[in-house]
Structure formats: structure tokens, C-alpha cells
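# Topology and contacts: notes
Chain by chain, the residues:
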Number of protein chains: 2
Amino acid sequence: MKETPCPFPKVFPSQLVKDDLFFMQMAYNEAINAWNLDEVPIGAVIALDGEVIASACNRTRQSGDPTAHAEMIAITMAAKKIGDWRLNDCQLFVTKEPCPMCSGAVIMSRIGEVHFGFLDSKMGCLGGAQSLHELPKSNHTPVVSHGTFGEECHALVQAFFQLQRQKKDLR
Amino acid sequence: MKETPCPFPKVFPSQLVKDDLFFMQMAYNEAINAWNLDEVPIGAVIALDGEVIASACNRTRQSGDPTAHAEMIAITMAAKKIGDWRLNDCQLFVTKEPCPMCSGAVIMSRIGEVHFGFLDSKMGCLGGAQSLHELPKSNHTPVVSHGTFGEECHALVQAFFQLQRQKKDLR
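Residues numbered from 1 in each chain as written. Chains lettered and ligands numbered in written order. Predicted model: local features only at pLDDT ≥ 70, side-chain atom pairs only at ≥ 80, totals over all residues. Heavy atoms only, no water.

## Structural notes on the sheet that holds strand E5 (residues 143-146) of chain B
Residue and element names in this part refer to chain B. Strands sit in the order E2-E1-E3-E4-E5 across an open sheet of five strands; the sheet is mixed. Because the sheet does not close on itself, it has two edges, and the strands there are strand E2 (51-57) and E5. Strand-to-strand twist of the sheet, defined as the mean angle between neighbouring strand axes without regard to direction, takes the value 15°. In this sheet, E2 lies alongside strand E1 (residues 43-48) in antiparallel orientation, the contact comprising six bridges. Across the sheet, residue Ile46 finds its bridge partner in E2, namely Ala54. Together, E1, E2, strand E3 (91-96) and strand E4 (113-118) form the strand contacts of helix H1 (residues 20-36), whose direction differs from that of E3 by roughly 50°. (Pairing = 2+ DSSP bridges. Helix = DSSP H or I, 4+ residues; strand = E, 2+ residues; numbered from the N terminus. Axes fitted to C-alpha atoms, helices over the stretch in contact; angles between N-to-C directions. Contact = heavy atoms within 4.5 Å.)

## Observations concerning the interface of chain B and chain A
Where interface size is given, it is often the accessible area lost as the parts come together that is meant. Contact with chain B, which involves 29 residues of that partner, is made by 29 residues of chain A. Both faces combined, the contact of chain B with chain A buries some 2500 Å², and carbon together with sulfur accounts for 73% of it. Of all residues in chain B, the largest losses of buried area upon contact with chain A belong to Pro66, Met108 and Leu135 of chain B, amounting jointly to 22% of the total for that side. One can count zero salt bridges joining chain B with chain A. At the boundary of chain B and chain A, one finds seven residue pairs in polar contact (both at pLDDT 80 or more). Among the elements that take part in the side of chain B that touches chain A, helix H4 (residues 100-108) of chain B stands out by supplying six residues, more than any other. Counted by class, the side of chain B that touches chain A contains 16 nonpolar, ten polar and three charged residues. (Buried area = accessible area lost by both parts, 1.4 Å probe. Salt bridge = Lys/Arg side-chain N within 4 Å of Asp/Glu carboxyl O. Polar contact = N/O pair within 3.5 Å; in protein donor to acceptor, adjacent residues only side chain to side chain. Nonpolar A, V, L, I, M, F, W, Y, C, P; charged D, E, K, R; others polar.)

## Considerations on the environment of Met24 of chain A
Residue and element names in this part refer to chain A. With respect to the element layout, Met24 can be found in helix H1 (residues 20-36). Through-space distance from the C-alpha of Met24 to that of Gly150 is 8.6 Å; in sequence the pair is 126 residues apart. Leave out the neighbours within four places in its chain, and Met24 touches Phe93, Val94, Thr95, His115, Phe116, Gly117, Thr148, Phe149 and Cys153.

## Focus: the nonpolar core
Among the nonpolar cores identified, the biggest contains 101 residues, and Ile46 of chain A together with Ile46 of chain B are the most heavily contacted of them. Those residues in contact with Ile46 of chain B, other than ones at most four positions away along the chain, are Glu51, Val52, Ile53, Ala54, Ala74, Ile75, Ala78, Cys90, Gln91, Leu92 and Ile111 of chain B. (Core = buried A, V, L, I, M, F, W, Y, C linked by side-chain atoms within 4.5 Å. Buried < 20%, exposed > 50% of the residue type's maximum accessible area, 1.4 Å probe, protein only.)

## Overview of the pattern of salt bridges
Residues and elements named next belong to chain B. According to the stated counting rule, one finds eight salt bridges over all chains in the structure shown. The partner of Lys18 in a salt bridge is Glu51, with the nearest N and O atoms 3.4 Å apart. Here the residue Lys18 occupies a position in the segment before H1, and Glu51 occupies one in strand E2, the gap between them amounting to 33 residues. Residue classification places Lys18 among the partly exposed positions, given a relative accessible area of 32%. The partner of Asp84 in a salt bridge is Arg86, and the shortest N-O contact between them spans 2.8 Å. The class of Arg86 is partly exposed, set by a relative accessible area of 37%.

## What about the relation of the copies chain B and chain A?
Between chain B and chain A, which share one sequence, the superposing operator has a rotation angle of 180° and an axial displacement of 0.0 Å; the RMSD is 0.0 Å. Put plainly, the chains are arranged around a two-fold axis. If distances are taken from each C-alpha of chain B to the rotation axis, the shortest is found for Met101 of chain B, at 2.2 Å. Of all interface residues in chain B, 100% are interface residues in chain A too; the two copies therefore contact each other through one and the same surface. (Least-squares fit on C-alpha atoms with pLDDT ≥ 70 in both.)

And the structure:
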């Protein structure tokens, strides 16, 4: 069956105010890119000093690689961009609460701050199902927050899975 | 300062008995490869139906990529090899208990069994510091065990860090 292009439009926030909403909207646009690749619509950007230094969407289906989540790709890109695997001064913005793997990657890459759109009480590991950022003996504790543009990020994922179920019913 | 080649020899188990010890020794040899690349000596192999389908060592320093742990590289290789991101029938053998990221990747790639050499009570997330394989709402629960060839795997890491400290003292 032919894939359905994402029915949600991208957002174009002003470049003049680079706040959490701005970066979350950049991540949201990446999630739309994921949908248009027939991937679960999750997107991530990494910012440093108010600039986006890495931007990626989920690519697991396309690549056949279970590690190709948006956050993982963005972390690899950011480390390459700054020439250092330690991302202490960076901020990760991601549409959904990171899964166990990506939450772990946040700790291992020492990302300073994480902001995610909506909680995942099933598999999220930055407060939802588990709190990997609070491992007592860890060398690194990122600042974690969530909510900005979260409803829009959630609506995108919900609509994607609803469509997947409809397609399945039609088979 | 010139790097010190790994003083521990590789092991060459018989191909006739492909048990946990055989695969752990293959992972140990990968850890020696890591040492010789000046990486923290951790190695991993993934087996399917008694054959090694992926084999990798830690490459974080060399690549400057905090996600380039032995397990992550092996998971990507295995998924590519079998043409499926779901690794339910595969077994991962790794010299050290996986970190938060790699433990999460085990869950996300649905690896059926994990055997690791030695526990990491600080950062290990398959029973040591945390138990990501026991997330109550997860779709996947791998079988986890440890210990085989563990002392040898641990000795390698201890010797590597001891040498790093000596080099630091000489600077």
C-alpha cells in the first residue's frame, strides 16, 4: 500500500527567539521528516550556544538498524561536529521521552540538558518508566525537563499509529 | 607517549564446542583488539544458531563517537547481516555488563539472550546498577546471565586502567 504523506504541516518559528519552543519545533519538523520516510515520527535536535549543531529523525525502518533512533543519530552528529564525544554544554531537544537506549546514550555522551515533548510511561527512561539520569554512581547527571510543544509532538505519533492500524485492518 | 600493545595473548578455543565459553573468548579477543586501538578493552560478539554473525570492539576514542560501544556496533552489524532489526533468536556475548545505552539497545533490538563477563555495579544496567531488562511494561525481556570467562575479561580492563594511571603519573 502506498505510504500516506504526513498531513501535519511543518512549523516555521522566528529565528529571533531561540528558546525551548524554537528548538522543540525544529525537532517536530524532523518528526514530520520521519513520517514522510514511513518511520515512527520522532525527531531530535542538539543545540550548542543557541545554534542547532545536529538534527535527525528516526530511521530504524529505512536503515534496518534498531539503533538508528533520532537521538542516537543526533548525538553521533553533534560529537563529530564539535570534535569531542563529551557533550556537556549541549542541549538535546526530542519530541518523545527517550527510550532506554537513547536515555542511556544521553548519560554516556554527558549531554548537559534534555528537553522532551511528551512522557512515555511504558519505555521512557528519563522519568517515565525509569530514571537513568538518577543512577546514584553515575559521573553525569543531566538536567531533564519536558512539556514544551508536547501535545503537538504526541498528536503526530498518535495519528501515525492510528493510520498504521487502519492500513492493517484494510489488508 | 607511545601506546602500549596489549600484553595479554588472544585465546584460541576449539571450534568443535561452541558453548558460552567459546563465544565469550571470541568477545575477549575483540577486547584485546580494542586495547591495541588504545580503546577501553571491551568486546562483543553476537551469535545465531551457533555461528558468530557480528563481532566488534569498543571504538569510542578512535571514532570520537560516544555511541560506538562494542555492543552497539555488533547490534547494527547483526541486524544488517540477518536483514531484520529484531534479534530475538540471537545471543549477545560481551566482556563487561552493558552500560545504560547498550542495555537499552539490547531491549530495543529484542536480543533473546545476553551473557556478559563481569558485573558493573556502577553503570551496568542488566542487574548491576539498574535492571532495564525488567521494565514492567516492556515488550521484550531478554534472558540474562554472567560470569563465564569473567575474571579474564575483568583483568584486562583493570590492567588497561592501571596503565592509563601510570602514564598520567609520568606526564
